[in-house]
Amino acid sequence: MKRNLLQCMARVLLLPVALMFICGALVSAHAEYSGPKVRFRLAHPCPPGHHTSLAFEKFAELVAQKSKNKIKVHVFPNAVLGSDVVMLKGALTGGLEMAVSSSPNLTWVVPSLMVFDLPYITSVKYQKNLYEALDNGELGRYFKGKFNEVGLEPIMYCEYGYRDFFSVKKPIRSVGDLAGIQVRTTASVVEVEVAKALGMKPKPLAWGETYTALKEGIVEGEGNTFSFLLDAEHEDILKYAFASQHNY
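Throughout what follows, the structure given in this document is the object of discussion. (Residues numbered from 1 in each chain as written. Predicted model: local features only at pLDDT ≥ 70, side-chain atom pairs only at ≥ 80, totals over all residues. Heavy atoms only, no water.)

**Comments concerning the overall build of the protein chain**
Reasoning step 1: When you go through the protein chain residue by residue, the secondary structure sums to eight helices and 10 strands.
Reasoning step 2: A separation of at least 24 residues holds for 70% of the contacts in the protein chain among residues at least 6 apart in sequence.
Reasoning step 3: If you sum the accessible surface of the protein chain, you get close to 12,400 Å²; carbon and sulfur atoms cover 56% of it. (Helix = DSSP H or I, 4+ residues; strand = E, 2+ residues; numbered from the N terminus. Contact = heavy atoms within 4.5 Å. Areas by Shrake-Rupley, 256 points an atom, 1.4 Å probe, with all protein chains shown as cover.)

Take a look at the structure:
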């Protein structure tokens, strides 16, 4: 591809969200499936009832319908098969057929995804461009190539929404109030450095460990979406929110 990642981004200013991968051959969505009966697992970190969880359930339903029940997708929600990184490693090694991961947790396998961890790289007014660029544009083709290089195939993109900052004890009324908070981050180097730049104390943790870490005082806050935290029942612990909308 002649144009590099930054040239692709310059056209749309956007941010990818959750990604899904599958190992092995793919069947055209427009062709009638005539192969053998197949069963595979789809593992994801989203809590039950979350809009992305409902999307994966719908995906399984459509696969069964279009294959006349020859292909069965078994959905495993809420990180029951491991964290984003663990699930992704399973897909890479063939131990898991399909895995879901947020973009920051993919940066160890596709480093160029770190560009999307920069704050305020997109906004609501660019979302239509985002979807078009990922589904039909250069950005989607660019990342498909990057994923294919490591043996993965992107199946779909879904959105978590905009991330805000949340705190257990400390009220957050301005950016300055973020200073000193021990905050849970993903393993993304950029996310960690952004937290440091805001005066926070980043602690990279897997999503499945975050609730316990908040409850036991290992971390004092996190950055995430309202919908994700509500469905995961983190509002039982988190008391303050700052509508920063710093990441999408």
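The rest of the description comes next.
**A few points about the sheet that holds strand β8 (residues 201-204)**
Strand pairing in a sheet relies on backbone hydrogen bonds. The paired strands run either parallel or antiparallel.
Reasoning step 1: Taken in spatial order, the five strands make up an open sheet running β8-β7-β9-β6-β10, and their pairing is mixed. The sheet terminates laterally at β8 and β10 (240-247), the two strands that pair on one side only. The sheet shows a mean angle of 30° between the axes of neighbouring strands, taken without regard to direction.
Reasoning step 2: Relative to strand β9 (residues 221-224), strand β7 (residues 182-185) runs parallel, the two being bridged by two bridges. Opposite R184, over in β9, you have E222 as the bridge partner.
Reasoning step 3: Packing of helix α7 (residues 207-215) onto the sheet brings it into contact with β7 and β9, and relative to β9 it is tilted by some 145°. (Pairing = 2+ DSSP bridges. Axes fitted to C-alpha atoms, helices over the stretch in contact; angles between N-to-C directions.)

**Quick look at the nonpolar core**
Reasoning step 1: If you look at the biggest cluster of nonpolar residues, it comprises 26 residues, and the most contacted ones within it are L42, F56, F59, V73, L214 and L238.
Reasoning step 2: Looking at this core, the elements with two or more residues in it are β2 (38-43), α2 (51-66), β3 (71-76), β4 (98-101), β5 (153-158), α7 and α8 (226-231).
Reasoning step 3: Among the elements that take part in this core, α2 stands out by supplying four residues, more than any other.
Reasoning step 4: Apart from the residues within four sequence positions on either side, V73 is in contact with F40, L42, F59, A60 and V63. (Core = buried A, V, L, I, M, F, W, Y, C linked by side-chain atoms within 4.5 Å. Buried < 20%, exposed > 50% of the residue type's maximum accessible area, 1.4 Å probe, protein only.)

**Thoughts on α2**
Reasoning step 1: Between its first and last C-alpha, α2 extends 22 Å over 16 residues, near the 22 Å set by a 1.5 Å rise per residue.
Reasoning step 2: Among the residues making up α2, those that are buried are T52, S53, F56, F59, A60, V63 and A64. Along the axis of α2, the buried positions cluster into a sector of 130°, meaning they face one direction only. Projecting away from the buried face of α2 at angles above 90 degrees are the exposed residues Q65 and K66.
Reasoning step 3: Just beyond α2, the residue with positive phi is K68, at close to 55°. (Expected span 1.5 Å × (residues − 1). Arc of directions from axis to C-beta.)

**A closer look at the packing of helix α4 (residues 127-136) against helix α5 (residues 138-149)**
Reasoning step 1: Relative to each other, α4 and α5 sit at 50°, their axes nearing to 5 Å. Accordingly, the angle class assigned to the pair α4 and α5 is oblique. Between α4 and α5 the crossing geometry is right-handed. Contacts between α4 and α5 involve A133, L134 and N136 on the former and, on the latter, E138, L139, G140 and R141.
Reasoning step 2: Per-class residue counts for the contact of α4 with α5 are three nonpolar, two polar and two charged. (Parallel < 35°, antiparallel > 145°, perpendicular 65-115°, else oblique. Left-handed = near helix turned anticlockwise from the far one by under 90°. Nonpolar A, V, L, I, M, F, W, Y, C, P; charged D, E, K, R; others polar.)

**Some words on the environment of N247**
Reasoning step 1: Along the polypeptide, N247 turns up in strand β10.
Reasoning step 2: Residue N247 is classed as buried on the basis of its relative accessible area of 11%.
Reasoning step 3: Along the chain, N247 and E191 lie 56 residues apart, while their C-alpha atoms are 9.6 Å from each other.
Reasoning step 4: At 3.3 Å, the side chain of N247 and the backbone oxygen of D117 are in polar contact. (Polar contact = N/O pair within 3.5 Å; in protein donor to acceptor, adjacent residues only side chain to side chain.)

**Here's the deal with the pairing of β4**
Reasoning step 1: With burial as the criterion, each face of β4 is covered, one bearing M98 and V100 and the other bearing A99 and S101.
Reasoning step 2: As paired elements, β2 and β4 share two bridges and run parallel to each other. Directly across from A43, in β4, lies its bridge partner A99.

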